[in-house]
Structure formats: C-alpha cells, structure tokens
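Now for the letters of each chain:
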Amino acid sequence: MNIIAFAGSNSSTSINKQLVTHAAQQFQEDQVTILDLNDFELPIYSIDLEQASGIPENAQRFSDLIKASDLLLISLAEHNGAYSAVFKNLFDWLSRVDGTSGFHGKSIFVMATSPGARGGASVLEMAVSRFPRNDGEIVGTFSLPSFSQNFDSEKGITNTDLNNELIDKLKSIKIN
Ligand SMILES: Cc1cc2nc3c(=O)[nH]c(=O)nc-3n(C[C@H](O)[C@H](O)[C@H](O)COP(=O)(O)O)c2cc1C
C-alpha cells in the first residue's frame, strides 16, 4: 500500500503535521510518505497565470504523487473556520490538473486539530462535504480537540479514548 500523508498547513511547528505523522505511524513505515506543503511552493492560483503558463511543476508533482497513492491521510489546519490559504491554493491548482477534479478518485482519511475545543470541526465539515465533489472518497474522519491538552510530542495522543478512536478508525479503513 502507498500512503501519502500531509497537513494542510505551512507552519514549521504545525500541530496538524504532528497529528498526521502520529496517524501515519499506525501503518508500516515503508508504506507511508509524509509530505510538507513547504516543499511544494506555488503561486496564488490565477486563471491568467494558468492560461499563460499551465499547471506549475509543484502542483503537477503533488497531483502525480496523489495519483500514484492508494490512500491519503490529511490533517487540515483551520483558519477562520476554513482551509488555510496554503491548502486552499494547492487544492485549487490540483482541481485544474487534466484528468481529475482534484484527488484522482483516491480514498481520503481526513482529520483536523486545533488548540480549541472544536478541534477544527468547521474545516473538517467543509472537507467532508467538498472532497467527494473533487474526485476524493472520504473513508473516515477524526478531530482532535484542545491539541495541547491531548497530545504529547513524544507519546502522541495522550487521551486514551481519543487515541483508541483514531486507531480503530484507521484499522477499519476500506480501500477500493
Ligand atoms: C489566521 C488564523 C485563523 C485561525 N482561525 C481558527 C479557527 O477558525 N478555528 C480554530 O480552531 N483555530 C483557528 N486558528 C488557530 C489554529 O487552529 C492554530 O494556529 C493551529 O496551530 C493551526 O494548525 P497548524 O499548527 O497545523 O498550522 C487560527 C489561526 C490563525 C493564524
């Protein structure tokens, strides 16, 4: 199995990257590639730019990695109740790649965490309703509320119930 994992964030200390890395550790190490959006710098989407220069290499490269995968693990940062700008920009470019409206029909386990008690519930809801319209199949969701109370950088999720919930959900993923 080829799993791509990434956070919808460009923070060097991203809590969503920490969460998605923790989730990725539930799979065999050689099956997972963890990506960082900072390695895929992109211009702000513009129809003029697309018409003049096509899809930027980094967007095409990201799209190709999705296409070659069996499962995506994504943890989304929530900014003002929505996707972070860096993720929305990547998403817009991915939706313009030939042959897909975004996710190449791949299975997606989507997560979110935030310092607050809602755990990124708004961005998670947004992704769950939107990704299927962009050629992605949601195979599970997980929200980690109050990140600093429930996560330790060495131990992972410290709240046993929440950790068990995540592990059970990851184990039950069915890939088409
Ligand atoms: C511009 C901005 C808007 C934010 N809006 C929200 C929000 O709507 N809901 C929320 O729970 N946290 C919000 N936060 C806090 C983020 O959840 C927090 O910065 C978190 O660390 C982002 O995830 P990351 O570390 O993976 O980038 C916001 C942060 C910023 C900088």
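The following paragraphs examine the structure supplied in this document.

Focus: the overall build of the chain
Moving on, step 1. Helix and strand counts for the chain stand at seven helices and nine strands.
Moving on, step 2. Relative to the globule expectation of 16 Å for 176 residues, the C-alpha radius of gyration of the chain, 16 Å, shows essentially globular dimensions.
Moving on, step 3. Across its three principal directions, the C-alpha atoms of the chain cover 50 × 35 × 25 Å.
Moving on, step 4. Expressed as a percentage of the 176 residues in the chain, the buried residues total 36%.
Moving on, step 5. Across the chain, the fraction of contacts at a sequence separation of at least 24, relative to all contacts at a separation of at least 6, is 73%.

Here we look at the pairing of strand S6 (residues 106-113)
Moving on, step 1. Counting buried residues along S6, eight of its eight residues qualify, which places the element largely inside the surrounding structure.
Moving on, step 2. Because side chains alternate across S6, one face comprises the buried residues Lys106, Ile108, Val110 and Ala112, and the other comprises Ser107, Phe109, Met111 and Thr113, equally buried.
Moving on, step 3. As paired strands, S6 and strand S7 (residues 136-144) are joined by eight bridges and run parallel to one another. Following the sheet pairing, methionine 111 is matched in S7 by phenylalanine 142.
Moving on, step 4. Note that the unit made of S6, helix H5 (residues 121-130) and S7 has a crossover that is right-handed.

Focus: the site of the ligand
Moving on, step 1. What surrounds the ligand is a group of 16 residues, the closest being Ser9, Ser14, Asn16, Ala77 and Ser114.
Moving on, step 2. Of the residues belonging to the shell around the ligand, the class tally is four nonpolar, ten polar and two charged.

A word on the sheet that holds strand S1 (residues 3-8)
Moving on, step 1. Spatially, five strands are ordered S2-S1-S3-S6-S7 in an open sheet, and the strand pairing comes out parallel. The strands lining the two open edges of the sheet, one partner per strand, are strand S2 (32-35) and S7. For this sheet the average axis-to-axis angle between neighbouring strands, irrespective of direction, equals 20°.

Re the nonpolar core
Moving on, step 1. Counting 42 residues, the largest nonpolar core has Ala5, Val20, Leu73, Ile74, Leu76, Val110 and Met111 as the members making the most contacts within it.
Moving on, step 2. Where this core is concerned, the elements lending two or more residues are S1, helix H1 (15-24), helix H3 (57-67), strand S3 (71-76), helix H4 (85-94), S6, H5 and S7.
Moving on, step 3. Excluding residues within four positions of it along the chain, leucine 76 makes contact with Gly8, Asn16, Tyr83, Phe87, Val110, Ala112, Gly120, Val123, Leu124 and Ala127.

Some remarks on the packing of H3 against H4
Moving on, step 1. Taken N-terminus to C-terminus, the directions of H3 and H4 make an angle of 80°; their axes are 9 Å apart at the nearest point. Put simply, H3 runs roughly perpendicular to H4. Contact residues: Ala59, Phe62 and Ser63 in H3; Leu90, Trp93 and Leu94 in H4.
Moving on, step 2. Taken together, the residues of the contact of H3 with H4 break down into five nonpolar, one polar and no charged.

Digging into H3
Moving on, step 1. Every buried residue of H3 is listed here: Ala59, Phe62, Ser63 and Ile66. Projected down its long axis, H3 carries its buried residues within an arc of 100°, all on one side. Exposed residues on H3 whose side chains face more than 90 degrees from its buried face are Glu57 and Asp64.
Moving on, step 2. Packing partners of the buried residues in H3 comprise S1, S3, H4 and S6.

As for the environment of serine 63
Moving on, step 1. Looking at where serine 63 falls in the secondary structure, it is placed in helix H3.
Moving on, step 2. In the structure, serine 63 is positioned 40 residues away from phenylalanine 103 in sequence and 7.6 Å away in space, judged by C-alpha atoms.
Moving on, step 3. Setting aside its immediate chain neighbours within four residues, serine 63 contacts Leu94 and Val97.

Calculation criteria
Residues numbered from 1 in each chain as written. Predicted model: local features only at pLDDT ≥ 70, side-chain atom pairs only at ≥ 80, totals over all residues. Helix = DSSP H or I, 4+ residues; strand = E, 2+ residues; numbered from the N terminus. Rg over C-alpha atoms; globule rule 2.2 N^0.38 Å. Buried ≥ 20, exposed ≤ 12 C-beta atoms within 10 Å, placed from the backbone. Contact = placed C-beta atoms within 7 Å. Pairing = 2+ DSSP bridges. Right-handed = clockwise from strand over helix to strand, strands pointing away. Near = placed C-beta within 6 Å. Nonpolar A, V, L, I, M, F, W, Y, C, P; charged D, E, K, R; others polar. Axes fitted to C-alpha atoms, helices over the stretch in contact; angles between N-to-C directions. Core = buried A, V, L, I, M, F, W, Y, C linked by C-beta atoms within 7 Å. Parallel < 35°, antiparallel > 145°, perpendicular 65-115°, else oblique. Arc of directions from axis to C-beta.

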